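A structural walkthrough
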Amino acid sequence: MDPIRILIVEDDLDWLRGLKAYLNRQPDLSVVGTVSTSEEASELFTSAESGVDVVLMDIMLQDEPAGIRLAEQALLSLGVKVIMLTSMEEKDFIFRSFQAGAIDYQIKSRFEELPAIIRAVHARQASINAAVAEQMREEFRRLKRLEQQFKVKEISDLITPTELQVLEMIDQGHTQTEIANRFFISLRTVKIHVGHILKKLGSPSSKDAAQKIRDLGLFERGKTKTNGDDKRD
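In this report, we go over the structure that sits alongside the text. (Residues numbered from 1 in each chain as written. Predicted model: local features only at pLDDT ≥ 70, side-chain atom pairs only at ≥ 80, totals over all residues. Heavy atoms only, no water.)

Turning our eyes to something else, we now look at the overall build of the protein chain. For the protein chain, the count of helices and strands is eleven helices and five strands. A burial count over the protein chain gives 39% of its 233 residues as buried. By element, 51% of the accessible surface of the protein chain is carried by carbon and sulfur atoms, the whole surface being about 13,600 Å². (Helix = DSSP H or I, 4+ residues; strand = E, 2+ residues; numbered from the N terminus. Buried < 20%, exposed > 50% of the residue type's maximum accessible area, 1.4 Å probe, protein only. Areas by Shrake-Rupley, 256 points an atom, 1.4 Å probe, with all protein chains shown as cover.)

The structure is reproduced here in structure tokens:
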């Protein structure tokens, strides 16, 4: 069986030499190339034919996270599998590395684990280590919260306080006539409010619009704001 061909991109020359020697002692691994700058790596990925199976990519090159961009370039240009290397566990770098197409992420101080990881990646059997997986889940949760906050603000900016009250009464099962009586307005005015709401939210019905607002928690936010205003008065 042919050995797994490895390219290392690393700007710490002493660590690069040590890692190369360590990997080359493995009977089924062969370091076929090394580069130490982002410029060299970019040129290699642009011009070279794919003679590599796995790239070990240092995230930080010349004090910049250039390895993330290079990982994507290596994947697109050569179709190789990329394992990111770093000295620190930085959540943002982890997430961006996987967005760029990296298959795994390894802390340099645990370099002894690299041969097994390289073999698994090459055999398409790699699994993300537990620490990285948890950091990714945390990042996805953070993005989900941001998405929710963005939706809440977007809808809050669209819906007036009166429209919010109308929607809440619809959510509670009140008819348009009951809503008109509650706010001492005409039925025609209620219908106009509902029409505006449906247009703003792109909803097919008033019940659907009310459910959308409930799911975003805006009814509770409206009550909290009202209570706060009452206290200030």
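On to the environment of Ser-30. Examined against the element boundaries, Ser-30 turns out to sit in strand β2 (residues 29-35). Looking at Ser-30, the relative accessible area reads 22%, which means it is partly exposed. Between the C-alpha atoms of Ser-30 and Pro-3, which are 27 residues apart in sequence, the distance is 6.0 Å. Leaving out residues up to four positions away in the same chain, Ser-30 has contacts with Pro-3, Ile-4, Arg-5, Ile-6 and Asn-24. (Contact = heavy atoms within 4.5 Å.)

Glancing now at the packing of aromatic side chains. Two aromatic rings are characterised by how far apart their centres lie and by the angle between their planes. Per the counting criterion, the structure on display carries one aromatic pair. Considering the side-chain rings of Tyr-22 and Phe-111, the 5.3 Å spacing of their centres and the 90° angle between planes classify their relative orientation as edge-to-face. Here Tyr-22, found in helix α1 (residues 13-24), pairs with Phe-111, found in the loop between β5 (104-107) and α5 (114-122); they are 89 residues apart in sequence, far enough to count as distant. Using a relative accessible area of 16% as the deciding quantity, one classes Tyr-22 as buried. Given a relative accessible area of 29%, Phe-111 falls into the partly exposed group. One cation-aromatic arrangement involves Lys-108 over Trp-15; the distance from NZ or CZ to the ring centre is 5.1 Å. (Phe/Tyr/Trp six-rings, centres within 6.5 Å; stacked < 30°, edge-to-face > 60°. Lys NZ or Arg CZ within 6 Å of the ring centre and 35° of its normal.)

This part is about the packing of helix α7 (residues 161-171) against helix α10 (residues 206-215). α10 packs onto α7 with a crossing angle of 105° between their chain directions and a minimal axis gap of 9 Å. Taken together, α7 and α10 sit at an angle that is classed as roughly perpendicular. Seen from α7, the contacting residues are Leu-164, Leu-167, Ile-170 and Asp-171; seen from α10, they are Ser-206, Lys-207, Ala-209, Ala-210, Ile-213 and Arg-214. Class assignment of the residues belonging to the contact of α7 with α10 gives a composition of six nonpolar, one polar and three charged. (Axes fitted to C-alpha atoms, helices over the stretch in contact; angles between N-to-C directions. Parallel < 35°, antiparallel > 145°, perpendicular 65-115°, else oblique. Nonpolar A, V, L, I, M, F, W, Y, C, P; charged D, E, K, R; others polar.)

Our next topic: the pairing of strand β3 (residues 54-58). For β3, the tally of buried residues reaches five of five residues, placing the bulk of the element in the interior. Residues Val-54, Leu-56 and Asp-58 line one face of β3 and the alternating positions Val-55 and Met-57 line the opposite face, and both faces are buried. Bridge count for strand β1 (residues 4-9) against β3 is four bridges, and the pairing is parallel. Residue pairing for β3: Ile-8 is matched across the bridge by Leu-56. Bridge count for β3 against strand β4 (residues 81-86) is five bridges, and the pairing is parallel. Residue pairing in the sheet places Val-55 in a bridge with Val-82 of β4. The parallel pair β3 and β4, bridged by helix α3 (residues 66-78), forms a crossover whose chirality is right-handed. (Pairing = 2+ DSSP bridges. Right-handed = clockwise from strand over helix to strand, strands pointing away.)

If you trace the backbone, Glu-10 turns up in the loop between β1 and α1. Judged by relative accessible area, which is 0%, Glu-10 ranks as buried. Here the side chain of Glu-10 touches Lys-108 through a polar contact of 2.8 Å, side chain to side chain. Apart from residues lying up to four places away in sequence, Glu-10 is in contact with Trp-15, Leu-16, Val-35, Ser-36, Asp-58, Leu-61 and Lys-108. (Polar contact = N/O pair within 3.5 Å; in protein donor to acceptor, adjacent residues only side chain to side chain.)

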